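Analysis of the macromolecular model
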Amino acid sequence: ILTKIDGTTTNLPPAGTFTAFFAGDPTYAVDAAPGDGNCATATGGCTLRACIQESNALAGEQTCILGGPTFAYNISIAGTGEDNAATGDLDCKDPLVILGAGTSVDANLIDRAFDIHSPGCRIFDLNIRNGQTANTSGDFSGGGIRVQTTFGGSSVQLVRTRLTNNKANTGGGLAVMNSSSATVT
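We now turn to the structure provided with this report. In this text the structure is predicted, and so the values were computed from the model without any measurement.

1. Points about the overall build of the chain
From N to C terminus, the chain includes one helix and 14 strands. Within the chain, the fraction of its 185 residues that count as buried is 47%. Residue pairs in contact within the chain that sit at least 24 positions apart in sequence constitute 64% of those at least 6 positions apart. For the chain, the exposed surface amounts to about 7900 Å²; the carbon and sulfur share of it is 53%.

What follows is the structure, given as structure tokens:
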């Protein structure tokens, strides 16, 4: 099922079981009801943050399709120390594919851009910039992306993804911790 910007859905050809959401709203509003199968904010748009929250709440792998090279998703909801993608960084806690098509995610030096807590996160054709670890959480690693979990096993695959102007004490662009892994191509 593909959820379009206007909230309508369409069936995709059977090529495996997955759910895809088109995150065509460049704001950073949260999902109104994570887990209901619809990527929709209170105003009905599907943002990257809402797409990730919906993915975290659903079983299996989901896909977030972003708006393309003219889109820039700017993290604007400040907050640190929570792991549900509600504030600050985008917490990926379930297998997820992000298809960027040249889209930019700008963390605006508010927090890191992505915090990966799950195996099977794959990011394609994304520009991740201006991530910075918050000095309040006690963990200063991974300004752009942190791949970590308490028990290890989280993973990310980055394909044609650029990490620029990200800042942290360790791994400004990318930090891989606690027996987790990253593949960059």
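2. A look at the packing of aromatic side chains
Taken as a whole, this structure holds two aromatic pairs when the rule is applied. Considering the side-chain rings of Tyr 28 and Tyr 73, the 6.4 Å spacing of their centres and the 70 degrees angle between planes classify their relative orientation as edge-to-face. Of this pair, Tyr 28 sits in the loop between β3 (19-23) and α1 (48-57) while Tyr 73 sits in strand β5 (residues 72-74), and the two are 45 residues apart along the sequence. Classification of Tyr 28 as buried rests on a relative accessible area of 3%. In this structure Tyr 73 comes out as buried when scored by relative accessible area, which is 0%. An angle of 35 degrees between the planes, with centres 5.9 Å apart, marks the rings of Phe 71 and Tyr 73 as tilted. Comparing Phe 71 with Tyr 73 shows no difference in burial state: the two are buried. Taken together through their ring pairs, the aromatic side chains of Tyr 28, Phe 71 and Tyr 73 make up a single cluster.

3. A closer look at the environment of Gln 53
Mapped onto the elements of the fold, Gln 53 is located in helix α1. Residue class for Gln 53 comes out buried when judged on its relative accessible area of 8%. For the pair Gln 53 and Cys 92, spaced 39 residues apart in sequence, the C-alpha separation works out to 8.0 Å. Apart from residues no more than four positions distant in its own chain, Gln 53 is found in contact with Val 30, Asp 31, Pro 34, Asn 84, Ala 85 and Ala 86. One polar contact links the side chain of Gln 53 to the main-chain amide nitrogen of Asp 31, over a distance of 2.7 Å. Of the polar contacts made by the side chain of Gln 53, one reaches the backbone oxygen of Asn 84; its length is 3.4 Å.

4. As for the nonpolar core
Looking at soluble globular proteins, one finds that nonpolar side chains tend to be buried together. Counting residues in each nonpolar core, the largest one holds 33 residues, and the members touching the most others are Leu 48, Ile 52, Ile 98 and Phe 114. Not counting residues up to four positions away in its chain, the partners in contact with Ile 98 are Ile 52, Cys 64, Leu 66, Phe 114, Arg 122, Ile 123, Phe 124 and Leu 126.

5. Looking at the pairing of strand β11 (residues 155-159)
Of all five residues making up β11, four are buried, and the element is well covered by its neighbours. Direction of pairing for strand β9 (residues 121-129) relative to β11: parallel, over a ladder of four bridges. Within β11, the residue paired with Ile 123 across the bridge is Leu 158. Relative to strand β14 (residues 181-184), β11 is paired through four bridges, and the arrangement is parallel. Bridge pairing in β14 places Val 156 opposite Ala 182.

6. Notes on the state of the cysteines
For the structure shown, the criterion picks out two disulfides. There is a disulfide in this structure between Cys 39 and Cys 46, and the S-S distance comes to 2.0 Å. Here the S-S torsion is close to 95 degrees, and the disulfide linking Cys 39 with Cys 46 is therefore right-handed. Taking relative accessible area as the criterion, Cys 39 reaches 3% and is therefore assigned buried. Judged by its relative accessible area of 2%, Cys 46 is buried. The disulfide that involves Cys 51 links it to Cys 64, with 1.9 Å between the sulfurs. What sets the handedness of the Cys 51 and Cys 64 disulfide is the S-S torsion sign, and at about -105 degrees it is left-handed. Of this pair, Cys 51 sits in helix α1 while Cys 64 sits in strand β4 (residues 62-66), and the two are 13 residues apart along the sequence. In terms of burial, Cys 51 and Cys 64 fall into one category: buried.

How each quantity is defined
All chains use their own residue numbering, which begins from 1 and follows the written sequence. Restriction of local features to residues with pLDDT of at least 70 applies here, the model being predicted, together with a cutoff of 80 or more for giving and counting side-chain atom pairs; totals for whole chains, interfaces and linings are based on all residues. Only heavy atoms go into the side-chain values, all of them from the structure, while hydrogens and water stay out. Put simply, DSSP H or I for four residues or longer makes a helix, DSSP E for two residues or longer makes a strand, and each gets a number counted from the N terminus. For every residue, the accessible area obtained with a 1.4 Å probe (protein chains only) is divided by the maximum for its type, and the residue is called buried under 20%, exposed over 50%, and partly exposed between those limits. When checking whether two residues touch, look at their non-hydrogen atoms; a contact exists if any pair is within 4.5 Å. Per-residue and other accessible areas were derived by the Shrake-Rupley procedure at a 1.4 Å probe size, with only the shown protein chains allowed to occlude residues. The pairing test for Phe, Tyr and Trp rings, Trp by its six-membered ring, is centres within 6.5 Å, and the orientation test on the planes gives stacked under 30 degrees, edge-to-face over 60, and tilted for anything in between. Any pair of nitrogen or oxygen atoms within 3.5 Å is treated as a polar contact; in protein, a donor-acceptor pairing is required on top of that, and neighbouring residues in sequence qualify only through side-chain atoms on both sides. For this analysis, a nonpolar core means a set of buried residues of the types Ala, Val, Leu, Ile, Met, Phe, Trp, Tyr and Cys, connected via side-chain atoms within 4.5 Å. We call two strands paired when DSSP finds no fewer than two bridges between them. The rule for a disulfide is simple: a pair of cysteine sulfur atoms within 2.5 Å.

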